[in-house]
Amino acid sequence: QVQLVESGGGLAQAGGSLRLSCVASGTIFSINSMGWYRQAPGTQRDLVASIIRSGSTNYADSVKGRFTISRDNAKNTVYLEMNSLKPEDTAVYYCNVHLRDWSSRFVYYWGQGTQVTVSS
């Protein structure tokens, strides 16, 4: 079984910064992609940023230029650096990992979520 542990959420002022971390542990053959999603009250869960094995990244238009996704493959960890935060960024942020597990099957795993609150 694979477990994702998220950290770094909390309260920030508008214009401030936060850094989220997500560590994947367990029996992992390989990781294909890692990403961050978020869900605010009354909205669907949407992609914020993702990074694939080659290092290529993808961002939601609403966070381009403000957020940066990065990874440490040796530690099975993905980060989300969030700068110039806006109240609209307030949401629960979820880590997602697409990986090949111990049975050599490709599986998606989700973290439990971490709350990010941005005050005006």
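See the structure shown above.
Figured I'd write up the structure that's included with this text. The model shown is predicted, which means the values in this text are computed figures rather than measured ones.

This part takes up the overall build of the protein. Summing up its helical and strand segments, the protein has zero helices and eleven strands in all. Listing the helices and strands of the protein from first to last along the sequence gives β-β-β-β-β-β-β-β-β-β-β. Its C-alpha atoms give the protein a radius of gyration of 14 Å, within 12% of the compact-globule value 14 Å for 120 residues. For the protein, the C-alpha atoms occupy an extent of roughly 45 × 25 × 25 Å along the three principal directions. Scored against the burial criterion, the 120 residues of the protein give a buried share of 40%. Intrachain contacts of the protein at a sequence separation of at least 6 include 54% that bridge at least 24 residues.

Evaluation of the coordinates by the stated rule reveals one disulfide. The disulfide that involves Cys22 links it to Cys95, with 2.1 Å between the sulfurs. Negative torsions about the S-S bond denote left-handed disulfides, and the value of about -85° found for Cys22 with Cys95 makes this one left-handed. Here the residue Cys22 occupies a position in strand β3 (residues 18-26), and Cys95 occupies one in strand β9 (residues 91-101), the gap between them amounting to 73 residues. Across the pair, exposure class does not vary: Cys22 and Cys95 are buried alike.

What the four strands build is an open sheet, ordered β1-β3-β8-β7; its pairing is antiparallel. Whereas interior strands pair on both sides, the edge strands pair on one side only; in this sheet they are β1 (2-7) and β7 (67-72). This sheet shows a mean twist of 15° between the axes of neighbouring strands, independent of strand direction. The sheet contact formed by β7 and strand β8 (residues 77-82) spans six bridges and is antiparallel. By the bridge assignment for β8, Phe67 is matched with Met82.

Reading guide: rules and limits
- Residues numbered from 1 in each chain as written.
- Predicted model: local features only at pLDDT ≥ 70, side-chain atom pairs only at ≥ 80, totals over all residues.
- Heavy atoms only, no water.
- Helix = DSSP H or I, 4+ residues; strand = E, 2+ residues; numbered from the N terminus.
- Rg over C-alpha atoms; globule rule 2.2 N^0.38 Å.
- Buried < 20%, exposed > 50% of the residue type's maximum accessible area, 1.4 Å probe, protein only.
- Contact = heavy atoms within 4.5 Å.
- Disulfide = S-S within 2.5 Å.
- Pairing = 2+ DSSP bridges.
- Axes fitted to C-alpha atoms, helices over the stretch in contact; angles between N-to-C directions.

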